[in-house]
Amino acid sequence: MNEMISGHTVKAYNQELKTINQLAIKLGELGLDQLRRAVKTLKEEDTKAAGQVIDRDQKLNAIDVQADEEIIRLIAKRQPVAKDLRDILTVQKTIADLERVGDEARKIANLTIHFFDNGKTPPGNEILRDIYSMAEFVDQMLVQSLEAFSELNLHKALEVIKRDETLYEEFRDALRRLSTFIMEDSRSVGHAVDIVLALRALERIGGHAKNIGGFVIFLVTGKDVRHEDLNMIAAEIADRL
Amino acid sequence: MNKQQQQQHERSMSRVEKGLARRYRQERNFKRLGLGAILMGLLFVSFLFISIFANGYTAFQQTFVKLDVFYDPEVIAPVGETDPDVLSAGHYGGLVKATMRELFPSVTNRRDKKKLYGLISTGAAFQIRERVMQDPSVIGQRESIWVPADDDVDMLIKGHIDLSLPESDRRIKDDQLSWIQGMQEDGRVEKRFNTTFFAAGDSREPELSGIKGAAVGSFFTLLICLAISFPVGVAAAVYLEEVAPKNRWTDLIEVNINNLAAVPSIVFGLLGLAVFINFFGLPRSVPLVGGLVLALMTLPTIIIASRVALKSVPPSIREAALGVGASPMQTITHHVLPLALPGMLTGTIIGMAQALGETAPLLMIGMVAFIVDIPGGAMDPSAVLPVQIYLWADSPERAFVERTSAAIMVLLVFLISMNLLAVWLRKKFERRW
Amino acid sequence: MDEVINRSSTIARELKTGSGAEVGMQVLKESQSSGTVGDIYVDDPRMTCRNVNVYYGDKQAIFDIDLDIAKHQVISMIGPSGCGKSTFLRCLNRMNDTIDICKVTGQIKMEGQDIYDGGLDVVPLRASVGMVFQKPNPFPKSIYDNIGYGPRIHGLNDNKDHLDEIVETSLKKAGLWEEVKDRLDHPGTGLSGGQQQRLCIARAIAVSPEVILMDEPCSALDPIATAKIEELIDELRENYTIAIVTHAMQQAARVSQRTAYFHLGKLIEVGETDQIFTAPRHRLTEDYITGRFG
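The structure presented is a predicted model; accordingly, all values stated were derived computationally and were not measured.

**Concerning the overall build of chain C**
Thought 1: For chain C, the helix and strand inventory stands at 11 helices and 10 strands.
Thought 2: The buried share of chain C, taken over its 294 residues, is 49%.
Thought 3: Considering only contacts within chain C whose residues lie at least 6 apart along the sequence, 69% involve residues at least 24 apart.

This is how it looks when you write it as structure tokens:
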């Protein structure tokens, strides 16, 4: 069994910790799926599928609520300390971040409907290309952060945090390219704001992935690294890698 | 619960129920057995008490005879004589005899006269002397006084003499019987409370014998015993329990103390004889030596009881005292001893009760001697209660039988009251912690 | 769904995280020769223990313990039964002296003075290092006499009025004055368990100690009484140095500033209580406080 949550004299405690960890992983799977589906609806201009994505967000919210209930019960019953306490806090925060990932995915699905279901001219593929490339990047980050979480892998957690800086550069670049587009083709101005929102949503998902990476480091090392710069994080966890 | 479990449960329940009747029966039998044992014990105790009481209660009464004594100045001393020496030298026995002759003038035969005189206790003469010594003015006058009857008369009056036996087998002969009847008709014979029994020492004459000498002797003996064994016993217990290191030597001492408690008491008597009397040259038959010997005997009891009492003081109290900085000595004197004292006192009183009833060691140091005087101190020869009982039980006179039982009753009263005192002390000073 | 994030990842987590956790639990560094993790030293120590070993006959109960006890701090000692925490605590006021076969080696200094030095008397030591025991053990005397006993035997009071004052302030400090001021002549054993324990604390305070040792002071008390004692401990910290042995880890977390974890006679880890209970550095500490022991 999982070293992190197993071994309690009270066996039910193990099970309870396992339950909330599994909820987090399940939520992660769902969030990632939502992201992919939302981006796909945009690519395929499939407004029906976009509606499904929006509906499915309820499922994520339900898991979020369920996990919170489990966690409150667990804290009240077991008074966790040390790694159990860190585990529970990490799961709780991870779940909160993953739920937001779902929200961001829903925003993207909303854009699909907005672009392709109002009878207006849909945006050209050119102008949407940055969204796809950034979605690809964010997808990788999210996968990596979920792997880091499920494997308690400090390498991957650190990688995610590093990638977040790249993501920000990407975001700035995309914005710059968007302004160029607008200057070249003033017809696209109408879509520009929506596209910025989509880029922004993707950038936020990357941010959530980065947060999860930070939580994993906290869980394993007991150090809160969220607001430290990359070099310091790397130095602090160096002796554990 | 699945089916298999259900079956298992039913199977075991049916077995339990099957055995239930047997279990309860065993429990009932066990209870009955215990109750039977208690009843048996009570039966024996009551049997003992009843037999002693039945034998002994009559000893608290004594037959007295009224005599009209003429304090004859020719026999005693001239009227007006007050010199005690002269007064005490009077022939008072003659007075009693003269009075009896007066009472039954028909008796002339020398042998019959002797039988007649035998009706009155030899103590009557001493009683008359006392009277005269107290008040010499009675000389020359006539006075009715009550004097103790002889023990045989006493036995007759109390119904202990079987009149159906042939005259030769009786202590009271037929003519004596008729004289007594004559006196009874005159109202000259009466049973009164036997103050002599509580006020006199031992005597060859049952009607003159009492337990006071033995009781006082027992008191002095126990006093010596207590004065030695309590402080020594408590000190030894405190040392062994609180101060002494636990090693082979203290183990050895402990084993020996426990063994001493089981040593036959007569061995202590032999020891006392060898050490106190033969070696130190103390006199025989005195309460001092008796007390010393009994102290030796009760010491193990007191030490063991005191150690138990000390052990039962919870260690938390010691820790509390040491924790605020009390020295070991302060811890013992301020906290442990006061808490252990009731237990120690109880043990001591039990030991004293044991000593009070002890005979064998005292026989060895000569406290079995016949002593008439009431002892005035620990160095006067004296008897003790159990030895007195032993002596009386050995005497042939019928009247000593009831006195033996009466003395046992007195001893039992002392023992029971000492035990009650122990219980009361424990209840009073026992503290909850 | 993606092949990475699917059901199997749950299993992957279970299988793989073992190594990750082990990495996490590795001892960072061994700061002392005795093998204790964490900082045994403090800036302002009231007592310093170096190389303390305790033997019961041939059996060694405590191994090479180095530990500083800081002024005006509560240090809690935790660990499984038989780990030596109580034995160590009892070394600090030489309570172990009462056990014949107990032998203590090493150095325990209080304000620079070695308490096991032949020249130091145990009586003044116990007056300056008070002790409160597991089971409330008031003397079977009145409340007044319970408090007054210590000052009396040490001759701390000038007269009766002064003793009254000592009794009152001690009871006030122990938070018991209001409850018992009208019945000071009642037996101390008649109080409730929690009150008795506060009485014992007041008794320890009455001889104005510098250090108060508490050996599982709440183990016989209900949660309300426990809370009162814990509150009291927190208040007392201002004036006294307190070392507390406890089985209730949450209690250690609540009342102490530093925590020391003992295991099989060794001091495994010592550190700020916050750190011990959120991110202990030694595997054994972690296992013990999270309930994974045995």
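**Considerations on the overall build of chain A**
Thought 1: Looking only at helices and strands, one finds 7 helices and 0 strands in chain A.
Thought 2: The helix and strand sequence of chain A, counted from the amino end, reads α-α-α-α-α-α-α.
Thought 3: In terms of overall size, chain A behaves like a compact globule, its C-alpha atoms giving a radius of gyration of 20 Å where 241 residues would be expected to give roughly 18 Å.
Thought 4: Considering only residue pairs separated by 6 or more positions, chain A has 76% of its internal contacts joining residues 24 or more positions apart.

**Re the interface of chain B and chain C**
A common way to express how large an interface is: the accessible area buried when the components associate.
Thought 1: Tallying the contact residues gives 18 residues for chain B and 21 residues for chain C.
Thought 2: Broken down by secondary-structure element, the contributors of at least two residues to the side of chain B that touches chain C are helix H13 (315-323) and helix H14 (328-356) of chain B.
Thought 3: Examining the composition of the side of chain B that touches chain C, we find that 6 residues originate from one element, H13(B), more than from any other.
Thought 4: A per-class count over the side of chain B that touches chain C returns 8 nonpolar, 6 polar and 4 charged.

**Some thoughts on the sheet that holds strand S3 (residues 189-193) of chain B**
Residues and elements named next belong to chain B.
Thought 1: Here 3 strands make up an open sheet; going across it, the order is S2-S1-S3 and the pairing antiparallel. Every other strand in the sheet has two partners, leaving strand S2 (142-148) and S3 as the edge strands with one partner each. Shown here is a sheet whose adjacent strand axes are inclined to one another by a mean of 40 degrees, direction ignored.
Thought 2: Pairing of strand S1 (residues 61-70) with S3, which is carried by 5 bridges, proceeds in the antiparallel orientation. In the sheet register, Val65 faces S3, and the bridge partner there is Val189.
Thought 3: Along the sheet, helix H5 (residues 123-134) makes contact with S1 and S2, crossing S2 at roughly 135 degrees.

**Comments concerning the nonpolar core**
Thought 1: Core analysis: the largest hydrophobic core is formed by 88 residues, its most contacted members being Val52(C), Ala202(C), Ile212(C), Leu213(C), Ile242(C) and Ala243(C).
Thought 2: Element by element, the count of residues in this core is highest for helix H7 (residues 193-206) of chain C, at 7 residues.
Thought 3: With sequence-adjacent residues up to four places away left out, Val52(C) is seen in contact with Ile62(C), Ile65(C), Phe88(C), Cys91(C), Val104(C), Gly106(C) and Ile108(C).
Thought 4: Grouped together as the second largest cluster of nonpolar side chains are 65 residues, Leu35(A), Val160(A), Leu199(A) and Leu202(A) included.

**Notes on unusual backbone geometry**
Thought 1: Non-glycine residue Asn51(C) carries a positive phi angle of around 60 degrees.
Thought 2: Along the chain, Asn51(C) turns up in strand S1 (residues 45-56).

**Overview of the pairing of strand S7 (residues 211-215) of chain C**
Residue and element names in this part refer to chain C.
Thought 1: Counting buried positions along S7 yields 5 of 5 residues, so the element is predominantly enclosed.
Thought 2: In S7, alternate side chains face the same way, and those of Val211, Leu213 and Asp215 on one face and Ile212 and Met214 on the other are all buried.
Thought 3: Pairing analysis gives 4 bridges linking strand S6 (residues 129-132) to S7, with the strands arranged parallel. Residue Gly130 lies in a different strand from S7, and its bridge partner there is Ile212.
Thought 4: By the bridge criterion, 5 bridges tie S7 to strand S8 (residues 241-245) in an arrangement that is parallel. Each bridged residue has a counterpart across the sheet, and for Met214 the counterpart in S8 is Ile244.
Thought 5: Read as a crossover between parallel neighbours, the route from S7 over helix H8 (residues 223-236) to S8 is right-handed.

**Concerning the sheet that holds S6(C)**
Hydrogen bonds between backbone atoms are what pair the strands of a sheet, whose relative direction is either parallel or antiparallel.
Residues and elements named next belong to chain C.
Thought 1: On the basis of which strands lie adjacent, the open sheet formed by 6 strands has the order S6-S7-S8-S3-S9-S10 and mixed pairing. Unpaired on one side and paired on the other, S6 and strand S10 (266-272) mark the two borders of the sheet. For this sheet, the mean inter-axis angle between neighbouring strands, taken without regard to orientation, is 20 degrees.
Thought 2: Sheet contacts for H7: S6 and S7; angle to S6, the most-contacted strand, approximately 170 degrees.

**Brief notes about the arrangement of the chains**
Thought 1: No other pair of the 2 pairs of chains in contact has as many contacts as chains A and C.
Thought 2: A gap remains between chain A and chain B, with no contact made and the closest C-alpha atoms lying 21 Å from each other.

**Regarding the packing of helix H4 (residues 125-151) of chain A against helix H6 (residues 189-221) of chain A**
Residue and element names in this part refer to chain A.
Thought 1: Direction vectors running N to C along H4 and H6 enclose 15 degrees, while the axes themselves pass 9 Å from each other. In this view, H4 runs roughly parallel relative to H6, as classed from their interaxial angle. For the pair H4 and H6, the sense of crossing is left-handed. For the pair H4 and H6, the contacting residues are Ile127, Asp130, Ile131, Met134, Ala135, Val138, Met141, Leu142, Ser145, Ala148 and Phe149 in the first and His191, Ile195, Ala198, Leu199, Leu202, Ile205, Gly206, Ala209, Ile212, Gly213 and Val216 in the second.
Thought 2: Across the contact of H4 with H6, the residue classes tally to 17 nonpolar, 4 polar and 1 charged.

**Here's the deal with H14(B)**
Thought 1: Its 29 residues place the ends of H14(B) only 36 Å apart at the C-alpha level, less than the 42 Å of an ideal helix rising 1.5 Å per residue.
Thought 2: Maximum bend of H14(B): about 50 degrees, positioned at Leu337(B), with proline Pro338(B) one to four residues after it.

**Here we look at the confidence of the model for chain C**
Residue and element names in this part refer to chain C.
Thought 1: Averaged over all residues, the pLDDT of chain C equals 84, while 88% of them reach at least 70.
Thought 2: Low confidence marks residues 1-32, where pLDDT is under 50. Its contacts with residues over four positions away, or in another chain, come to 58 contacts.
Thought 3: Note on the complex model: pTM 0.76, ipTM 0.81.

**Observations concerning helix H2 (residues 47-78) of chain A**
Residue and element names in this part refer to chain A.
Thought 1: Here H2 spans 47 Å end to end across 32 residues, near enough to the 46 Å set by a 1.5 Å rise per residue.
Thought 2: For H2, the full list of buried residues reads Ala50, Val53, Asp57, Leu60, Ile63, Ala67, Ile71 and Leu74.
Thought 3: Of the residues flanking the end of H2, it is Gln79, one or two places downstream, whose phi is positive at about 40 degrees.

**With respect to the environment of Leu415(B)**
Residue and element names in this part refer to chain B.
Thought 1: By the element assignment, Leu415 lies in helix H17 (residues 398-429).
Thought 2: Along the backbone, Leu415 and Ala353 are 62 residues apart, and their C-alpha atoms lie at a distance of 5.7 Å.
Thought 3: Those residues in contact with Leu415 that lie beyond four places of it in its chain are Ala353, Leu356 and Gly357.

**Brief notes about the environment of Lys115(B)**
All names here are of chain B.
Thought 1: Assignment of secondary structure puts Lys115 in helix H4 (residues 110-117).
Thought 2: The spacing of Lys115 and Ala262 is 147 residues in sequence and 54 Å in space, taken between C-alpha atoms.
Thought 3: Excluding its chain neighbours within four sequence positions, the residues that come into contact with Lys115 are Lys173, Asp175 and Gln176.

**Considering the packing of helix H3 (residues 92-103) of chain B against H5(B)**
Residues and elements named next belong to chain B.
Thought 1: H5 packs onto H3 with a crossing angle of 110 degrees between their chain directions and a minimal axis gap of 8 Å. Relative to H5, the element H3 is oriented roughly perpendicular. For the pair H3 and H5, the sense of crossing is right-handed. Together, Tyr92, Gly93, Leu95 and Val96 of H3 and Ala124, Ala125, Ile128 and Arg129 of H5 make up the contact between the two elements.
Thought 2: A per-class count over the contact of H3 with H5 returns 6 nonpolar, 1 polar and 1 charged.

**Regarding the environment of Val54(C)**
All names here are of chain C.
Thought 1: Note on placement: Val54 falls in strand S1.
Thought 2: Val54 sits in the buried class, given 23 other C-beta atoms within 10 Å.
Thought 3: Sequence-distant contacts of Val54, that is, excluding residues within four places in its chain, are made with Ala61, Ile62, Thr87, Cys91, Asn96, Cys102 and Val104.

Calculation criteria
Residues numbered from 1 in each chain as written. Chains lettered and ligands numbered in written order. Predicted model: local features only at pLDDT ≥ 70, side-chain atom pairs only at ≥ 80, totals over all residues. Helix = DSSP H or I, 4+ residues; strand = E, 2+ residues; numbered from the N terminus. Buried ≥ 20, exposed ≤ 12 C-beta atoms within 10 Å, placed from the backbone. Contact = placed C-beta atoms within 7 Å. Rg over C-alpha atoms; globule rule 2.2 N^0.38 Å. Nonpolar A, V, L, I, M, F, W, Y, C, P; charged D, E, K, R; others polar. Pairing = 2+ DSSP bridges. Axes fitted to C-alpha atoms, helices over the stretch in contact; angles between N-to-C directions. Core = buried A, V, L, I, M, F, W, Y, C linked by C-beta atoms within 7 Å. Right-handed = clockwise from strand over helix to strand, strands pointing away. Parallel < 35°, antiparallel > 145°, perpendicular 65-115°, else oblique. Left-handed = near helix turned anticlockwise from the far one by under 90°. Expected span 1.5 Å × (residues − 1). Bend = angle between axes of the 7 residues up to and from the residue. pLDDT = per-residue confidence, 0-100.

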